[in-house]
Amino acid sequence: MKKLLAILFAMVVLATACGDSSDSTEATGASDDGAESSDDGGGESAAGEDSSDPIRIPLHNWSSQLVGAEVLGNFLEGEGYTVEYVPSDSQVVYQSMCDGDVELVHEVWEGAFGVAFQEQVDAGCVLDWSDHNAVTREDWWYPTYVEDVCPGLPDWEALNDCSELFATAETGDKGRFLGGPVDWLKGDEERVEGLGLNFEVINVGSAATLWAELETAAADETPIVLFNWTPNFVEAIYDGKFVEFPQFEEACRTDPEWGTNAELTHDCGNPAEGYLKIGVGQHFPEKWPNAAELVKNVDMTNAMLADMANLVDSEGLEASDAAEKWAEDNADVIAGWAG
Ligand code: TMO
């Protein structure tokens, strides 16, 4: 699976590189001879005083991020910068930013990455750069038809009482919770332990498998509970709800005493009103002060992220094409980022 993912990423990067060479020759040219003289392009673009090194943006494994990365990258290229896309593990990337190997992460989701991000912010090598005007949630989720056979939902105890409805050959007499790829580190196993759930976590290799399984289940209303999030394309297609676990508090992740289980952590849900942030390496504003200011202007709402995901997951566009389409449809938004 890892190999497959790596190949997929390589293809994305290749496709990106090919796309770039055809339409951004000036940006590449500028960076080639702009290295020694900052006067060269100074008058032409915001890039003038900044380093001409490529700004490295990570590519992760969910659609809004892949589209948004290129929207942001194309925006920066339009402002005279060079951009390089780096396929990255979505947890390790915070260490990479800390090490100066990646410049920015534009989708820091609180539920999935809050811990890894905050660790580097506390260490001082990653900066909590800005907040998108978005509210996020990532958690166990089911299509509404499941309520017909499992009364009491969305309460987690009701879900647990119905666990056998979600059993598969793979999980025996336990219910199956279909979790995201492991690098999204959701604490699902810990939650199963902490809340004593009669479920087994089965992680998919890629987000596409989540949606394929959902589609198959929904076709004949087979009960399914899986990892989902908002904003996402799913909400435009399926009626569904998040499972209501005991409400998240930071202490739930760190203090065993907290919550219903006095011996274990994670006896709660993920944040129901999570943040979406942009994080940058501490070196980024030092080396690219103007680009860093531009990135601070970038503000993505729930609707924007849902649209980006939609273009790929519902309409079937490649991320690069989706990024171009999104930028065409939202030229005013992008003009606003330029200031
Ligand atoms: C980070 N994610 C949106 C996949 O939960």
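Keep in mind it's a predicted model, so treat the numbers as computed, not measured. (Residues numbered from 1 in each chain as written. Predicted model: local features only at pLDDT ≥ 70, side-chain atom pairs only at ≥ 80, totals over all residues. Heavy atoms only, no water.)

### A short note on the confidence of the model for the protein chain
Point 1. With 86% of its residues at a pLDDT of at least 70, the protein chain reaches an overall mean of 89.
Point 2. Across residues 12–45, where pLDDT falls below 50, the model places 23 contacts with residues more than four positions away in sequence or in other chains. (pLDDT = per-residue confidence, 0-100. Contact = heavy atoms within 4.5 Å.)

### Points about the packing of helix α12 (residues 302–313) against helix α13 (residues 319–329)
Point 1. It is at 9 Å that the axes of α12 and α13 come closest, and there the two elements cross at 135 degrees. Between α12 and α13, the angle is such that the two are oblique. Along this stretch, α12 crosses α13, giving a crossing that reads as right-handed. Residues Met304, Asp307, Met308, Leu311 and Val312 of α12 pack against Ala319, Ala322, Lys325 and Trp326 of α13.
Point 2. Within the contact of α12 with α13, the residues separate by chemical class into seven nonpolar, no polar and two charged. (Axes fitted to C-alpha atoms, helices over the stretch in contact; angles between N-to-C directions. Helix = DSSP H or I, 4+ residues; strand = E, 2+ residues; numbered from the N terminus. Parallel < 35°, antiparallel > 145°, perpendicular 65-115°, else oblique. Left-handed = near helix turned anticlockwise from the far one by under 90°. Nonpolar A, V, L, I, M, F, W, Y, C, P; charged D, E, K, R; others polar.)

### Digging into the environment of Glu221
Point 1. Looking at the secondary structure, you find Glu221 in the loop between α8 (207–219) and β8 (225–230).
Point 2. Note: C-alpha distance between Glu221 and Tyr145 (76 residues apart in sequence) is 6.6 Å.

### Here we look at the pattern of salt bridges
Point 1. Within this structure, the stated rule accounts for 10 salt bridges.
Point 2. Two residues, Glu103 and Arg56, come together in a salt bridge whose shortest N-O distance is 2.7 Å. With Glu103 in the loop between α4 (93–98) and β3 (104–109) and Arg56 in strand β1 (residues 55–59), the pair connects residues that are 47 residues apart, well separated along the chain.
Point 3. Take Glu103: its relative accessible area is 0%, and that puts it in the buried class.
Point 4. Here Arg253 ties to Glu250 by a salt bridge, and the two come within 3.9 Å at their closest N and O atoms. You can see Arg253 and its partner Glu250 sitting in helix α9 (residues 250–254), three residues apart, about one turn around the helix.
Point 5. Residue Glu250 is classed as partly exposed on the basis of its relative accessible area of 47%.
Point 6. Overlapping salt bridges bring together Asp128, Asp131 and Lys277 as one network. (Salt bridge = Lys/Arg side-chain N within 4 Å of Asp/Glu carboxyl O. Buried < 20%, exposed > 50% of the residue type's maximum accessible area, 1.4 Å probe, protein only.)

### Observations regarding the site of the ligand
Point 1. In the vicinity of the ligand, the residues found are Trp62, Trp109, Ala112, Phe113, Glu138, Trp184, Phe227 and Trp229.
Point 2. Measuring from an oxygen atom of the ligand, one finds a side-chain N or O atom of Glu138 at 2.6 Å.
Point 3. Comparing atom positions with the cavity grids shows the ligand to sit within the largest cavity.
Point 4. Every element with two or more residues in the shell around the ligand is listed here: α5 (110–123) and β8.
Point 5. The residue inventory of the shell around the ligand, partitioned by class, reads seven nonpolar, no polar and one charged.
Point 6. Both domain 1 (55–134 + 274–338) and domain 2 (137–254) contribute no fewer than three residues apiece to the shell around the ligand. (Near = heavy atom within 4 Å. Polar contact = N/O pair within 3.5 Å; in protein donor to acceptor, adjacent residues only side chain to side chain. 1 Å grid on protein atoms, 1.4 Å probe; cavity = no way out; pocket = protein on both sides within 12 Å on 5 of 7 lines; lining within 4 Å. Sits in = over half its atoms within 2 Å of the grid points. Domains from an automatic or database assignment.)

### Re empty space enclosed by the protein
Point 1. As enumerated under the stated definition, the model contains one cavity of 30 Å³ or more in all.
Point 2. Reported here for the largest cavity is a volume of approximately 70 Å³.
Point 3. Looking at the largest cavity, the residues that line it are Trp62, Trp109, Ala112, Phe113, Glu138, Trp184, Phe227 and Trp229.
Point 4. Elements represented by at least two residues in the lining of the largest cavity include exactly α5 and β8. (Points joined across faces, edges and corners; volume = space filled by probe spheres on them.)

### Some thoughts on the pairing of β1
Look at any regular strand and the pattern is simple: side chains alternate between the two faces of the sheet.
Point 1. Of all five residues in β1, four are buried, a share of seventy percent or more.
Point 2. Bridge count between β1 and strand β2 (residues 83–87): five bridges; the pairing is parallel. Of the residues in β2, the one forming a bridge with Ile57 is Tyr85.
Point 3. In this view, the connection linking β1 to its parallel neighbour β2 by way of helix α3 (residues 63–78) has right-handed handedness. (Pairing = 2+ DSSP bridges. Right-handed = clockwise from strand over helix to strand, strands pointing away.)

### So, the sheet that holds strand β7 (residues 199–203)
Point 1. In space, the five strands of this open sheet follow the order β7-β6-β8-β5-β9, with mixed pairing throughout. Of all the strands in the sheet, just β7 and β9 (240–242) have a single pairing partner and so form its edges. In this sheet, neighbouring strand axes are inclined to one another by 40 degrees on average, regardless of whether the strands run parallel or antiparallel.
Point 2. Across three bridges, strand β5 (residues 137–143) lies against β9 in antiparallel orientation. Looking at the pairing, Pro143 lines up with Gly240 of β9.
Point 3. Running over the sheet, α8 touches β5, β6 (175–179) and β8 and is turned about 120 degrees from β8.

### Here we look at the packing of aromatic side chains
Point 1. On inspection of all chains with the given rule, the structure shows 16 aromatic pairs.
Point 2. Both rings, one in Tyr94 and one in Phe117, keep their centres 5.8 Å apart while their planes meet at 65 degrees; by these two values the pair is edge-to-face. On the criterion of sequence distance, the pair formed by Tyr94 in helix α4 and Phe117 in helix α5 is long-range, its members being 23 residues apart.
Point 3. When its relative accessible area of 1% is taken as the criterion, Tyr94 is described as buried.
Point 4. Given the relative accessible area of 0%, Phe117 is considered buried.
Point 5. Aromatic side chains Phe284 and Trp288 sit 5.7 Å apart centroid to centroid with 40 degrees between the ring planes, which places their arrangement in the tilted category.
Point 6. The exposure class of Phe284 is buried, given its relative accessible area of 0%.
Point 7. Site record: aromatic cluster; members linked through ring pairs are Trp62, Tyr94, Phe113, Phe117, Trp184, Trp211, Phe227, Trp229 and Phe233.
Point 8. Just above the ring of Phe245 sits the side chain of Arg191; from NZ or CZ to the centre is 4.6 Å. (Phe/Tyr/Trp six-rings, centres within 6.5 Å; stacked < 30°, edge-to-face > 60°. Lys NZ or Arg CZ within 6 Å of the ring centre and 35° of its normal.)

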